Amino acid sequence: MGAYLAKRILTMIPTLLGVAVLIFLMLRVVPGDIVELKMRGDGGAPTVEQVQAERVRLGLDKPLYQQFAGWMVGLVTLDLGKSMWTEQPVTQEIAGRLGLTLQVAIMATIIAILIALPLGTLSALYKDSWIDQAIRIVTIGGLAIPSFWLGMMIIVGLLFAFNWIPPMQYVPIWQDPLANLSQLIWPALAVGYRFSAVLARMVRSSIVEVMREDYIRTARAKGVYERLVVGRHALRNAMLPAVTVIGLEFAFLIGGLVVTEQVFNLNGLGRLFVQAVTRSDFTMVQGIVMVIAVVFIVTNLIVDLAYAWLDPRIRYGGK
């Protein structure tokens, strides 16, 4: 296992390098100039000399290979530079938003698992019954309803029912858990419902397929209780594709909560990403993309390790 982990960690390096090169080149070819936006955005009329001086100050006058070398050195030293718009360190800006986004993603994942596992299992065990049909309606509703629209309906429902809306000011959970949860539980529910719909459909199809396997028939023929057949043999093996979906959806949430964060006025990573793109803030976009890439890679590694725990036949690094 140690050799496998070392090998996987080493393979992260070329992957991250490829992402770094790709995002650097893409940002240099897309239209948009942060200097023009900053100096002319509010109706300003800077002279050509002032615009050029700002380019020099931001390092945009340097040849591309020098900018790329600086970007690579920064990655190695974990210094992502300063935001071209706010002048603040990129790592500081991202760290200030990542905690909120990470908490919403974790809460949405927990909610999705708590909803999807029982619904998916019941739907598979009572296949084609009214239970299956009812759960199908619930899950298809989750797939069809956008999370941001559900979030808006939650806010409107809370306002009409209790004359109350979630707090707009973010408070870290270690400072005031009640205030924190009263703000973040609603976006987590809105996102978790769609997440649970995807997961429940996957759990259902996996269990239906596993229940047709020979070892399930063998267990039943030996007189094993149905509850043990499902819980010990079917459900555990059916979790392999479900774990993949959980990992991919969780990683997606880190950078994909853009609209939901806007609806609930959350100052998270997705909102920062949109602001950086609209401002052509190269250094900020590069930093956020690298953070999201790291989250995807680490999540995939954790998913692969979970496979070995769920299925003892899977061995990593063994002979």
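Residues numbered from 1 in each chain as written. Predicted model: local features only at pLDDT ≥ 70, side-chain atom pairs only at ≥ 80, totals over all residues. Heavy atoms only, no water.

Describing the overall build of the protein chain
Cut-off, in case you're wondering: What counts as a helix is a DSSP run of H or I of at least four residues, what counts as a strand is a run of E of at least two, and both are numbered from the N terminus. For every residue, the accessible area obtained with a 1.4 Å probe (protein chains only) is divided by the maximum for its type, and the residue is called buried under 20%, exposed over 50%, and partly exposed between those limits. Using a 1.4 Å probe, the Shrake-Rupley method yields the accessible areas, and only the shown protein chains count as cover for residues. By the counting scheme adopted, Arg and Lys are positive, Glu and Asp are negative, and His together with the chain ends is not counted. All charge positions are set by atom: Lys at NZ, Arg at CZ, Asp at CG, Glu at CD.
When helices and strands are counted, the protein chain shows 13 helices and zero strands. Counting only C-alpha atoms and orienting by the principal axes, one finds that the protein chain spans roughly 85 × 60 × 35 Å. Expressed as a percentage of the 319 residues in the protein chain, the buried residues total 41%. Per element, the accessible surface of the protein chain, about 17400 Å² overall, is 68% carbon and sulfur. Mean positive and mean negative side-chain charge positions of the protein chain (27 and 21 charges, respectively) differ by 10 Å.

Topic: the packing of helix H5 (residues 90-125) against helix H12 (residues 269-278)
Operational definition: Angular values range over 0 to 180 degrees, each being the angle between N-to-C directions of two axes fitted as lines to C-alpha atoms, with helices fitted over their stretch in contact. Angles are sorted into four bins: roughly parallel if under 35 degrees, roughly antiparallel if over 145, roughly perpendicular if 65 to 115, and oblique for all others. Contact between two residues is taken to exist if any of their heavy atoms lie within 4.5 Å; hydrogens are not considered. Three residue categories are used. Nonpolar comprises Ala, Val, Leu, Ile, Met, Phe, Trp, Tyr, Cys and Pro, charged comprises Asp, Glu, Lys and Arg, and polar comprises the others, including Gly.
Running from amino to carboxyl end, H5 crosses H12 at an angle of 140°, the nearest separation of the two axes being 8 Å. As summarised for this structure, H5 and H12 are arranged oblique, according to the angle between their axes. In this structure, H5 uses Glu93, Ile94, Arg97, Leu98 and Thr101 to contact H12, whose residues at the interface are Leu269, Gly270, Leu272 and Gln275. Each residue belonging to the contact of H5 with H12 can be placed in one class, and the counts come to four nonpolar, three polar and two charged.

Considerations on the UniProt feature "transmembrane region" (unreviewed entry) in the protein chain
We count it as follows: UniProt positions are given in the numbering used here, feature names are shortened, and annotations may be inferred rather than shown by experiment.
UniProt records the feature "transmembrane region" (unreviewed entry) at residues 12-30, 105-126, 138-164, 184-203, 242-264 and 284-310, using the numbering of this structure. Across residues 138-164, the secondary structure splits into 85% helix and 0% strand, with the terminal C-alpha atoms separated by 27 Å. End C-alpha atoms of residues 284-310 are separated by 39 Å, and the span's content is 100% helix alongside 0% strand.

A few points about the domain arrangement of the protein chain
To be explicit about the condition: In this document the domain limits rely on a domain assignment from an automatic tool or a database. Put simply, buried area is how much 1.4 Å-probe accessible surface two parts lose in total, over both of them, once they are put together. Salt bridge criterion: a side-chain nitrogen from Lys or Arg within 4 Å of a carboxyl oxygen from Asp or Glu.
Structurally, the protein chain comprises domain 1 (1-82) and domain 2 (91-316). Counting residues at the interface gives 23 residues for domain 1, matched by 21 residues for domain 2. Buried surface at the junction of domain 1 and domain 2, summed over both partners, amounts to about 2100 Å²; 76% is from carbon and sulfur atoms. When the buried area of domain 1 at its contact with domain 2 is split by residue, Tyr4, Leu27 and Leu80 rank highest and sum to 25% of it. If you look at where domain 1 meets domain 2, you find one salt bridge.

Observations concerning helix H8 (residues 177-210)
Note the cut-off: Helix span, expected: 1.5 Å multiplied by one less than the number of residues in the helix. To get the bend at a given residue, fit one axis to the seven residues ending there, fit another to the seven starting there, and take the angle between those axes.
Here H8 is 34 residues long, yet its end C-alpha atoms lie only 41 Å apart, well below the 50 Å a rise of 1.5 Å per residue gives. At Leu184, H8 shows its largest kink, close to 35°, and the proline Pro187 lies no more than four residues downstream.

Some remarks on the environment of Trp186
Residue placement: Trp186 occurs in helix H8. Note: C-alpha distance between Trp186 and Val230 (44 residues apart in sequence) is 33 Å. The residues touching Trp186, leaving out its near neighbours within four places in the chain, are Ile154, Leu158, Trp164, Pro166 and Phe264.

Focus: the packing of helix H6 (residues 130-144) against H8
Convention followed: Here a crossing is taken to be left-handed if its near helix is turned anticlockwise relative to the far helix by less than a right angle, and right-handed if that turn runs clockwise.
Packing of H6 against H8 leaves a shortest axis separation of 7 Å and a crossing angle of 135°. As far as their axial angle goes, H8 and H6 are oblique. The way H6 lies across H8 gives a crossing that is left-handed. Here Asp132, Arg136, Val138, Thr139, Gly141, Gly142 and Leu143 of H6 come into contact with H8, specifically with Tyr193, Arg194, Ala197, Val198, Ala200, Arg201 and Arg204. In terms of residue class, the contact of H6 with H8 is made up of six nonpolar, three polar and five charged.

Observations concerning unusual backbone geometry
Note on backbone geometry: most residues besides glycine have negative phi, and most peptide bonds are trans. The backbone of Leu78 sits at a positive phi, close to 60°, despite the residue not being glycine. As for its placement among the helices and strands, Leu78 is situated in the loop between helix H4 (64-76) and H5.

Comments concerning the nonpolar core
Selection criterion: Definition used in this section: a nonpolar core is a set of buried Ala, Val, Leu, Ile, Met, Phe, Trp, Tyr and Cys residues joined via side-chain atoms within 4.5 Å.
Leu60, Trp71, Ile94, Leu253, Met284 and Ile288 are the most contacted members of the largest nonpolar core, which totals 51 residues. Lining this core are residues from two domains, each supplying at least three of them: domain 1 (1-82) and domain 2 (91-316). Those residues within four positions of Met284 in sequence are excluded, and the remaining contacts are Ser83, Val90, Glu93, Ile94, Leu272 and Ala276. If you look at the next biggest cluster of nonpolar residues, it comprises 23 residues, including Leu199, Val203, Val245 and Val303.

So, the side chain of Ser147
Within the fold, Ser147 resides in helix H7 (residues 147-162). Not counting residues within four places of it along the chain, the set of residues in contact with Ser147 comprises Ala190, Val191, Arg194 and Thr260.

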